Amino acid sequence: MFDDDQENRRDFLKCMAWAGTGALFTFGAGVPASIGLDAAIAAPMRGRAAARPFTFVQLSDSHIGFNKPPNADARATFREAIAKVKALPVQPDFIIHTGDVSQLSRDDEFDDAEQMLKTTGLPVFFVPGEHDMLDPEGGKAFLDRFGKGTRGAGWYSFDHGGVHFVALVNVADLKPGGMGNLGADQLAWLKVDLAGHSASTPIVVFAHIPLWTVYADWGWGTDDAAEALKLLARFGSVTILNGHIHQIAQKVEGRIAFHTARSTAFPQPAPGTAPSPGPLKVPAEQLHSMLGITDAMFVRGHDRIALIDSTLTS
Amino acid sequence: MTRGFKMLTFQAATLVASGLMISTIPATTRAAPVPAAVTIENFTFKAPLLTVKLGTTVTWTNGDDIPHTVVSKDGLFKSKVLDTGDRFSFTFAKPGQFGYFCSLHPHMTGMIAVKA
């Protein structure tokens, strides 16, 4: 997970110091930095540009239908996560869900997730996780409900507040012995999609499995992610948001910041610390401190996005 | 329902089954290979390489808390999603080496070697 470059390693460690405690992670113009939340709020706006600041929320790995230790009711914890979104002091413009909406791709699981999300009254942008591809037609149930108007296995892009958002799918047509996979068709689309944007456009990419190799032995990476990162390299500000590993991991590589979100259903072990990546069976009183949401704040003029992770602990 | 009645039912069923075995199944099938089993545990197929006789039925059982699938690399067989405790069986009718993997967690791979 660590880069060989000592600078990056140092920055990463600085960032990690905040993880799990209400992390704030910032970057800008190739100079990654990590500061405390209070300092960020007090930071002066740069003089230029006056687009309205906005926030969005990342939810991930809700696994609706999961009912085993350590969480007998993943619906209940997802409902708590949504209550947390509704209680945010600044309401987000929209929500992104970075996959594994369901446990087994069942209609009732998708439907319950959809109904709960509807109570926020916010637009929700989805990408599928591998758990959302388990219907007999390999993802059709998910796409029919959450992927209308998308391409291929469910990829798309949109613009909001001067930021270009790209939703990628790396859980379709996985290859034996491999990890996540984007595939040639999606990469060709991505090249065309990004071509129309200037290097100064802030880019947010979201996908289920991390787009950097967190831990190959558990398949926590994407085989052809390097192809996508090459296409993103010319942009001054790129934020990549993933899920899948049910814990926070962060890395900065050049002008690209990587971040994974907590699950709202169950935690997974840190890389290599358990015989398998199966659910971490924590005691009931610890569970809520290991589940959470990520609030992302974009302020035009700062050229950076602040990511604030918070747990479901009240 | 009493315990005695259950016992009786079980015995009766066994008798019927044995009778069927003797009366209707030809001698050649009686020598059918012993079924084989692969357990899925900790995101691995145990054993990763299993050698069986031609005609063996292999049954995979998911012992994890997370769903898995059993999908052959060459399209010969493909299970539905296996939740905890679910099973999938396939009978190998031709000799050869058959690699397979979990389509959710493709780093999980295994091989069945079928000998004539």
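Residues numbered from 1 in each chain as written. Chains lettered and ligands numbered in written order. Predicted model: local features only at pLDDT ≥ 70, side-chain atom pairs only at ≥ 80, totals over all residues.

## Focus on the overall build of chain A
So the rule is basically this: Helix and strand labels come from DSSP, where a helix needs a run of H or I of at least four residues and a strand needs a run of E of at least two; each type is numbered from the N terminus. Burial in this document is a count-based property: other C-beta atoms within 10 Å of a residue's C-beta are tallied, and the residue is buried at 20 or more, exposed at 12 or fewer, or partly exposed in between, with C-beta positions derived from the backbone.
When you go through chain A residue by residue, the secondary structure sums to eight helices and 12 strands. For chain A, the residues scored as buried account for 48% of the 314 residues in total.

## Re the environment of alanine 228 of chain A
Residue and element names in this part refer to chain A. For clarity, the threshold we go by: Throughout, a residue-residue contact means that the two C-beta atoms, derived from backbone geometry, are no farther apart than 7 Å.
With respect to the helices and strands, the residue alanine 228 is situated in helix 7 (residues 225-232). By C-beta crowding, alanine 228 is classed as buried, having 23 other C-beta atoms within 10 Å. For the pair alanine 228 and glutamine 186, spaced 42 residues apart in sequence, the C-alpha separation works out to 9.4 Å. When near neighbours in sequence (up to four residues on either side) are disregarded, alanine 228 contacts Leu182, Leu187, Leu190 and Leu211.

## A closer look at the sheet that holds strand 4 (residues 57-62) of chain B
Residue and element names in this part refer to chain B. Rules: Strands qualify as paired when DSSP identifies two bridges or more between them. Helix axes use the C-alpha atoms of the stretch in contact, all axes being lines fitted to C-alpha atoms, and the angles between their N-to-C directions lie in the range 0 to 180 degrees.
Strand order in the open sheet formed by four strands is 2-1-4-6, with mixed pairing between adjacent strands. Edge positions in the open sheet fall to strand 2 (44-46) and strand 6 (87-91), since each of these has one partner strand only. Strand after strand, the sheet turns through a mean of 20° between neighbouring axes, direction not considered. Examined bridge by bridge, strand 1 (residues 36-41) and strand 4 share five bridges and lie parallel to one another.

## Observations concerning the sheet that holds strand 5 (residues 71-72) of chain B
Residues and elements named next belong to chain B. Strands sit in the order 3-8-7-5 across an open sheet of four strands; the sheet is mixed. On the outer flanks of this sheet lie strand 3 (49-53) and strand 5, each paired with one strand and no other. Sheet analysis places strand 5 next to strand 7 (residues 96-101), joined by two bridges and oriented antiparallel. Among the inter-strand pairings, valine 71 is bridged to a residue of strand 7, identified as phenylalanine 101.

## Looking at the confidence of the model for chain B
Predicted coordinates in regions of low pLDDT should not be interpreted in detail. Residues and elements named next belong to chain B. Using the following cut-off: Values of pLDDT, which run from 0 to 100, indicate the predictor's confidence residue by residue.
Confidence in the prediction for chain B averages 82 pLDDT; 73% of positions are at 70 or higher. Considering only residues more than four positions removed or in separate chains, one finds that residues 1-25, a stretch of pLDDT under 50, has two contacts. The ipTM assigned to the predicted complex is 0.80, against a pTM of 0.82.

## Things to note about helix 4 (residues 107-118) of chain A
Residues and elements named next belong to chain A. Worth spelling out the cut-off: The length a helix should cover is 1.5 Å for every residue beyond the first. Picture the helix axis, draw a direction to every C-beta atom, and the arc is the one those directions span.
Its 12 residues place the ends of helix 4 16 Å apart at the C-alpha level, agreeing with the 16 Å of an ideal helix rising 1.5 Å per residue. Glu109, Phe110, Asp112, Ala113 and Leu117 are the residues of helix 4 that are buried. Down the axis of helix 4, the buried side of the element spans an arc of 165°, and every buried residue falls inside it. Exposed and facing more than 90 degrees away from the buried side of helix 4 are Asp107, Asp108, Gln115 and Lys118.

## Description of the packing of helix 3 (residues 74-86) of chain A against helix 4 of chain A
Residue and element names in this part refer to chain A. The condition is simple: Put simply, angles under 35 degrees are roughly parallel, angles over 145 are roughly antiparallel, angles from 65 to 115 are roughly perpendicular, and the rest are oblique. Put simply, a crossing is left-handed when the front helix is turned counterclockwise from the back one by less than a right angle, and right-handed when it is turned clockwise. Polar here means any residue outside two lists: the nonpolar Ala, Val, Leu, Ile, Met, Phe, Trp, Tyr, Cys and Pro, and the charged Asp, Glu, Lys and Arg; Gly therefore counts as polar.
Where helix 3 contacts helix 4, the axes come no closer than 10 Å and their chain directions differ by 20°. Relative to helix 4, the element helix 3 lies roughly parallel. Along this stretch, helix 3 crosses helix 4, giving a crossing that reads as right-handed. Of the residues in helix 4, those in contact with Arg75, Phe78, Arg79 and Ile82 of helix 3 are Asp112, Ala113, Met116 and Leu117. Across the contact of helix 3 with helix 4, the residue classes tally to five nonpolar, no polar and three charged.

## Observations regarding the nonpolar core
Residues and elements named next belong to chain A. Heads up, the rule is: We call a set of buried Ala, Val, Leu, Ile, Met, Phe, Trp, Tyr and Cys residues a nonpolar core when their C-beta atoms link them within 7 Å.
Core analysis: the biggest nonpolar cluster contains 88 residues, and Ala167, Leu168, Val205, Phe206, Ala207 and Ile240 have the highest contact counts within it. It is strand 11 (residues 292-299) that provides the largest number of residues to this core, a total of five residues. If we skip the residues at most four places from it in the chain, valine 205 touches Val166, Leu168, Leu232, Val238 and Ile240.

## Considerations on the packing of helix 6 (residues 184-195) of chain A against helix 7 of chain A
Residues and elements named next belong to chain A. Contact geometry for helix 6 and helix 7: axes closest at 10 Å, N-to-C directions at 10°. What the angle tells us is that helix 6 and helix 7 run roughly parallel. Across the interface between the two elements, Leu187, Leu190, Lys191 and Leu194 from helix 6 touch Glu227, Ala228 and Leu231 from helix 7. Of the residues belonging to the contact of helix 6 with helix 7, the class tally is five nonpolar, no polar and two charged.

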